[in-house]
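Analysis of the macromolecular model
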Amino acid sequence: MKAIKRFFPAVLPLLLLLPAMTDQKDLTTEEQNWVAMLEEEKLARDVYEYFFDNWNRQIFSNIARSEAQHIEQVKGILETKGYALPTGDEAGKFAVAEFQTLYDELSSRGSKSLEAALNLGGWIEEKDIVDLQNMIADEVDAATKQVLESLLQASHNHLRAFDRQLGGEYSPQILSPDAFEAIINQAPAASMAAGGHGKGMMMGKGMGKGKCSGNCGGSCGSGGCKGGGCKSGSSH
């Protein structure tokens, strides 16, 4: 098998410091965390849309649509908690300066090659996983925690999809090797949240009649594959 180059973004130290956001110091720590979570979901959506425009690889379009769902769901939590939402939803534009820097860096690096874009997609999902794990550990509300756990399982699905697109040669850049392997070896059904589909809160991969290779990054449920990269009759 052809060796896969590794792409360790220079922005990694910055991302690992988030959500210590320099322009959000007037917010409480919990508010900062939730604003960062919203901006992180938007970052994923906008970067994946940019990569799709550059490389026309369906996985980016499919996962970007899922991220758009997450944005609305996280917004709902902020509204329920009475927290102010960052203003604006223009693609590639962020209310928090650190995320603007990340978007500019990731989109630039991912435009160099499809391989780089896929590796960066995996990196984004790894960071989502770490941040969601931290949010789950700190959350006391059961309903909110359930939403976060569903988002976490969804990020597992996406990380596996990027790994498959790279021929199973993706190398973890944030997670420990053991944690990464546990996710990669997890059966899709184990990442499922009841009654949903795709990547999202309460929207794990369904166990219905739809079949999918999992490479599309789309959603497969009782109604069949909904992602544009899915092919009817393929199997997990």
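For the structure, check the block above.
Keep in mind the model is a prediction, meaning the values are calculated, not measured. (Residues numbered from 1 in each chain as written. Predicted model: local features only at pLDDT ≥ 70, side-chain atom pairs only at ≥ 80, totals over all residues. Heavy atoms only, no water.)

With that settled, the discussion passes to the overall build of the protein chain. Looking only at helices and strands, the protein chain has seven helices and two strands in total. Of all 236 residues assigned to the protein chain, the portion counted as buried reaches 49%. Pairs at least 24 apart in sequence give 69% of the contacts found in the protein chain among residues at least 6 apart. For the protein chain, the accessible surface area stands at approximately 10600 Å², while carbon and sulfur atoms represent 52% of it. (Helix = DSSP H or I, 4+ residues; strand = E, 2+ residues; numbered from the N terminus. Buried < 20%, exposed > 50% of the residue type's maximum accessible area, 1.4 Å probe, protein only. Contact = heavy atoms within 4.5 Å. Areas by Shrake-Rupley, 256 points an atom, 1.4 Å probe, with all protein chains shown as cover.)

As enumerated under the stated definition, the model contains eight salt bridges in all. In this structure, Arg 45 and Asp 89 form a salt bridge, with 3.3 Å as the shortest nitrogen-oxygen distance. Residue Arg 45 is located in helix α2 (residues 29–55), and its partner Asp 89 is located in the loop between α3 (58–81) and α4 (97–110); the two are separated by 44 residues in the primary sequence. Given a relative accessible area of 37%, Asp 89 falls into the partly exposed group. (Salt bridge = Lys/Arg side-chain N within 4 Å of Asp/Glu carboxyl O.)

Taken as a class, soluble globular proteins show a tendency for nonpolar side chains to be buried jointly. Formed by 47 residues in total, the largest nonpolar core has its most connected members in Trp 34, Leu 43, Val 47, Tyr 48 and Phe 60. Taken together, the elements giving at least two residues each to this core come down to α2, α3, α4, α5 (114–138), α6 (142–165) and α7 (177–184). By residue number, the principal contributor to this core is α2, which donates ten residues. (Core = buried A, V, L, I, M, F, W, Y, C linked by side-chain atoms within 4.5 Å.)

With 25 residues, α5 should reach 36 Å at 1.5 Å per residue; the first-to-last C-alpha distance of 37 Å fits that figure. When you tally the buried positions in α5, you get 18 out of 25 residues, the bulk of the element. (Expected span 1.5 Å × (residues − 1).)

A few words on the side chain of Glu 125. For Glu 125, the location among the structural elements is in helix α5. Taking relative accessible area as the criterion, Glu 125 reaches 0% and is therefore assigned buried.

A separate point is the packing of aromatic side chains. Applying the stated rule across the entire model yields eight aromatic pairs. On the basis of an interplanar angle of 75° and a centroid distance of 6.5 Å, the ring pair of Tyr 50 and Tyr 103 is categorised as edge-to-face. Of this pair, Tyr 50 sits in helix α2 while Tyr 103 sits in helix α4, placing them 53 residues apart in sequence. Centroid distance Phe 60 to Phe 162: 6.0 Å. Interplanar angle 40°. Geometry classified as tilted. Highlighted residues: Phe 60 in helix α3 and Phe 162 in helix α6, separated in sequence by 102 residues. Here the two residues Phe 60 and Phe 162 agree in accessibility, since each one is buried. Cluster of aromatic residues (ring-pair linked, three or more members): Tyr 48, Tyr 50, Phe 51, Phe 60, Phe 94, Tyr 103 and Phe 162. Lys 42 extends its terminal NZ or CZ atom over the ring of Phe 94, reaching a point 4.1 Å from the ring centre. (Phe/Tyr/Trp six-rings, centres within 6.5 Å; stacked < 30°, edge-to-face > 60°. Lys NZ or Arg CZ within 6 Å of the ring centre and 35° of its normal.)

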